[in-house]
Amino acid sequence: MPDLQKILGKVIRRERQYSHLTMKELGDKAGLSEIYIGEIERGQKYPSAKVLESLAEALNLNIADLLEFTAEEFRIEQMPQPVEVVVLPTPSQVGRQNRSGIKDFVNSVQPANILSLNSYLKQKHSA
């Protein structure tokens, strides 16, 4: 389940950057400290309704838009992440000339992009 506090912070940061405001400028406009803005954006603090209203106004948004942006981001975070699957032919299916190309491909795959079948199945069943 996505973390609403972090998603809200992500949306506020995105809207602040879109408005070309620094954290200090947003804080000044909203009557909040730069430190508090940073904590909200990092998902460390959960702002009250009054603070959300102040932030929305400082970002030239109405509160409904800010909440809708947050809901949209929450929906995106809930969506299953696509998994890329690479199927390699068995050695008997590959001619001698193609083996070096397959070996080069396998060696070029970054470890962070490798998902074992066991891990994939665990993700699939936990979703």
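A quick note: this is a predicted structure, and the numbers were derived from the prediction, not measured.

Q: So, the pattern of salt bridges: which residues are in play, and what are the values?
A: Considering all chains together, one arrives at nine salt bridges under this definition. In this structure, the salt-bridge partner of E73 is R14, at a minimum N-O distance of 3.1 Å. One end of the pair, E73, is in helix α5 (residues 63-78); the other, R14, is in helix α1 (residues 4-18), and 59 residues separate them in sequence. Judged by relative accessible area, R14 falls into the partly exposed class, the value being 35%. Look at the salt bridges and you will find they share partners, linking K10, R14, E15, E73 and E77 into a network.

Q: Can you break down α5 residue by residue, with the values?
A: For an α-helix, the turn length of 3.6 residues means that residues three or four places apart are oriented alike. With 16 residues, α5 extends 23 Å from end C-alpha to end C-alpha; this agrees with the ideal 22 Å at 1.5 Å per step. Here α5 has its buried residues at L66, T70 and E73. Down the axis of α5, the buried side of the element spans an arc of 65°, and every buried residue falls inside it. Buried residues in α5 make contact with α1 and α4 (49-58). Between a side-chain oxygen at the N-terminus of α5 and the backbone nitrogen of A64 the separation is 3.1 Å; the capping residue is N62.

Each value, and the rule that gives it
- Residues numbered from 1 in each chain as written.
- Predicted model: local features only at pLDDT ≥ 70, side-chain atom pairs only at ≥ 80, totals over all residues.
- Heavy atoms only, no water.
- Salt bridge = Lys/Arg side-chain N within 4 Å of Asp/Glu carboxyl O.
- Helix = DSSP H or I, 4+ residues; strand = E, 2+ residues; numbered from the N terminus.
- Buried < 20%, exposed > 50% of the residue type's maximum accessible area, 1.4 Å probe, protein only.
- Expected span 1.5 Å × (residues − 1).
- Arc of directions from axis to C-beta.
- Contact = heavy atoms within 4.5 Å.
- Polar contact = N/O pair within 3.5 Å; in protein donor to acceptor, adjacent residues only side chain to side chain.

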